[in-house]
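# An overview of the molecular structure
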Amino acid sequence: MRRIGLIGGGGIVQRTHAIGYQALVAEGLAEIAALADVSEQNRAAAGQLFGIPENQRYADYREMLSHAPIDTVAIATPHALHVEQAVAAAQAGKAIISEKPMAVTLDEADAILAAVERHRVPYTVVHNLLFSQPVLGAAALLAEGSLGQPLLGHGQMLGNKPVEMTRSDLDWRASKKMGGGALIDSSYHEIYTVESLMGSPVRWVEARLATLKFPAIDVDDTALMTFEHDDGRLSTVHAAWHTRGPAHRGRWVWINGAEGALRLVYSDDAPLSRSVGKGNHWETVDAAQLYDVRPGLAGDATGHGAYLRAAVEALERGGPMPITAAQARHNLAIIEAARQASAQRRGMEVDT
Ligand SMILES: NC(=O)c1ccc[n+]([C@@H]2O[C@H](COP(=O)([O-])OP(=O)(O)OC[C@H]3O[C@@H](n4cnc5c(N)ncnc54)[C@H](O)[C@@H]3O)[C@@H](O)[C@H]2O)c1
């Protein structure tokens, strides 16, 4: 059984990780043994949610690393904190499950890689959508072959952010110092999802980043990217914080194959559809029935529950981890290439 200490117990932990942890705890596969959060309010809320004893709720994560009865940490804090927290956890000999992104820069990612290798601790980053039913279904649909080879991929995450995000000092996601921005925060999942469904690593990136709506923030609120995959096929990924309208489908992925297309709209009741041959309509696909897709955990729309299960099972087995440090670094390398491509107004090769 894994004894997990949470570093950060805010929104994603209380709303979404909780679904996965509660199932793992009920099956005796994990215990949420401790929590570290600088916010008294979130310490109390997450502490209560997971039944963590008061003396195992810490304000300082370093105190938790030194004193709590844990073998694993789950990091879910603002992006700029990931590097120091992951390195400290590795030094303390803890296995690490980190929320995305691995870190903010490639230098930080390499510092984490060096620390987890030096201290021989398992490390994985949450790429949850790859474990969600719609994406598993899309992967199975592509593997089945009726759509032909994927030629063109699209992914988008368009949202309308709340008023706090209009100032960098009000929301860490809108702050450069905290590692925020639409590119790293909002397009992160579409980058790995499109790449995975296209089945070929992204090697070249062209991009434009801009701050179009919120002039008082010091990060991008808009990110447009074009990818060339290793084998020459192409994809685009878009993210923006100001573009949602009535009935707008905020997050979707579309893959065009040689013989048909698939469309994945996360907010739809039936998220996965396909259009095959000359048909000019979308046909709903029930991936769980048509393909070999494991039934998901109830309420686990984002795949966090399935991902956390895979991570805990891998830790119990002694590896390999469901998403490796190298995979997470690659996603960050695509983001870094997009930053450089936008700044230099030219295509950039992804650092390997
Ligand atoms: N995979 C996904 O779908 C997904 C979705 C949302 C968020 N996330 C990721 O989860 C992480 C957290 O996001 P969130 O939405 O929960 O943010 P949040 O602001 O709701 O929560 C962050 C928590 O970290 C705490 N914190 C800040 N500084 C700390 C420190 N020094 N030590 C300990 N705790 C500290 C805050 O008090 C807060 O409780 C980010 O990396 C984000 O990108 C992932």
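Because the structure is predicted, anything quoted here is derived from the model rather than measured.

## Digging into the sheet that holds strand β4 (residues 72–75)
Sheets are built from strands paired through backbone hydrogen bonds, the pairs being either parallel or antiparallel. Taken in spatial order, the six strands line up as β3-β2-β1-β4-β5-β6 in an open sheet, and their pairing is parallel. The sheet is open, and its two borders are formed by β3 (57–58) and β6 (123–125), each paired with just one other strand. Alignment of strand β1 (residues 2–7) against β4, held across four bridges, turns out to be parallel. Its bridge partner being in β4, Ile7 is matched across the sheet by Ile75.

## Structural notes on the site of the ligand
Near the ligand, the surroundings consist of 24 residues, among which Asp37, Asn42, His79, Asn128 and Trp172 are the closest. At a separation of 2.6 Å, an oxygen atom of the ligand approaches a polar side-chain atom of Asp37. At 2.7 Å from an oxygen atom of the ligand is found a side-chain nitrogen or oxygen belonging to Asn42. Protein contacts shield 83% of the accessible area of the ligand, which totals 850 Å² for the unbound molecule. Where the shell around the ligand is concerned, the elements lending two or more residues are α1 (11–26) and α4 (82–91). By residue class, the composition of the shell around the ligand is seven nonpolar, 12 polar and five charged. Shared between two domains, the shell around the ligand holds at least three residues of each, these being domain 1 (2–125) and domain 2 (129–304 + 332–344).

## Regarding the sheet that holds strand β8 (residues 202–210)
Sheet architecture is open: nine strands sit in the order β14-β13-β12-β11-β7-β10-β9-β8-β15, paired in mixed fashion. The open sheet terminates on both sides in strands that have one partner only, identified here as β14 (283–284) and β15 (348–349). Across seven bridges, the pairing between strand β7 (residues 150–158) and strand β11 (residues 251–257) is antiparallel. Residue pairing for β11: Met157 is matched across the bridge by Arg251. The sheet contacts of helix α11 (residues 325–344) involve β8, β9 (222–229) and β15, and relative to β8 the element is tilted by about 55 degrees.

## Quick word on the packing of α4 against helix α5 (residues 106–118)
Axis separation between α4 and α5 bottoms out at 9 Å; the angle between their running directions is 5 degrees. When the axes of α4 and α5 are compared, the pair comes out roughly parallel. Each of His82, Val83, Ala86, Val87 and Ala90 in α4 lies in contact with α5, whose residues at this interface are Glu108, Ala111, Ile112, Ala115 and Val116. Taken together, the residues that form the contact of α4 with α5 break down as eight nonpolar, one polar and one charged.

## Considerations on the domain arrangement of the chain
The accessible area lost on association of the parts is a frequent measure of interface size. Here the domain parsing of the chain yields domain 1 (2–125) and domain 2 (129–304 + 332–344). One C-alpha centre belongs to domain 1, the other to domain 2; they are set 26 Å apart. With 20 residues of domain 1 in contact, the opposing surface of domain 2 contributes 18 residues. Each partner contributes to the roughly 1500 Å² buried at the junction of domain 1 and domain 2, and carbon and sulfur atoms together form 73% of this total. Counting the surface domain 1 buries against domain 2, the share from its top three residues, His79, Lys100 and Leu106, is 34%. At the junction of domain 1 with domain 2, the criterion picks out one salt bridge. Seen at the junction of domain 1 and domain 2, the total is six residue pairs in polar contact (both at pLDDT 80 or more). Elements with a contribution of two residues or more to the side of domain 1 that touches domain 2: α1 and α5.

## Some remarks on a nonpolar patch on the surface
On the surface, a nonpolar cluster with roughly 230 Å² of combined accessible area is contributed by Leu151, Leu152 and Leu234. Residue position: Leu151 is located in strand β7.

## Examining empty space enclosed by the protein
In total, this model carries one cavity of 30 Å³ or more according to the counting rule given. Of the voids in this model, the largest cavity is the one considered here, and its volume is about 30 Å³. What lines the largest cavity is His17, Tyr21, Ala74, Ile75, Ala76, Ile97, Ser98, Glu99 and Val126. Looking at the lining of the largest cavity, the elements with two or more residues in it are α1, β4 and β5 (95–98). Grouping the constituent residues of the lining of the largest cavity by class yields six nonpolar, two polar and one charged.

Reading guide: rules and limits
- Residues numbered from 1 in each chain as written.
- Predicted model: local features only at pLDDT ≥ 70, side-chain atom pairs only at ≥ 80, totals over all residues.
- Heavy atoms only, no water.
- Pairing = 2+ DSSP bridges.
- Helix = DSSP H or I, 4+ residues; strand = E, 2+ residues; numbered from the N terminus.
- Near = heavy atom within 4 Å.
- Polar contact = N/O pair within 3.5 Å; in protein donor to acceptor, adjacent residues only side chain to side chain.
- Areas by Shrake-Rupley, 256 points an atom, 1.4 Å probe, with all protein chains shown as cover.
- Nonpolar A, V, L, I, M, F, W, Y, C, P; charged D, E, K, R; others polar.
- Domains from an automatic or database assignment.
- Contact = heavy atoms within 4.5 Å.
- Axes fitted to C-alpha atoms, helices over the stretch in contact; angles between N-to-C directions.
- Parallel < 35°, antiparallel > 145°, perpendicular 65-115°, else oblique.
- Buried area = accessible area lost by both parts, 1.4 Å probe.
- Salt bridge = Lys/Arg side-chain N within 4 Å of Asp/Glu carboxyl O.
- Patch = residues over 30% accessible without salt bridge, like charges linked within 9 Å, V, L, I, M, F, W, Y side chains within 5 Å.
- 1 Å grid on protein atoms, 1.4 Å probe; cavity = no way out; pocket = protein on both sides within 12 Å on 5 of 7 lines; lining within 4 Å.
- Points joined across faces, edges and corners; volume = space filled by probe spheres on them.

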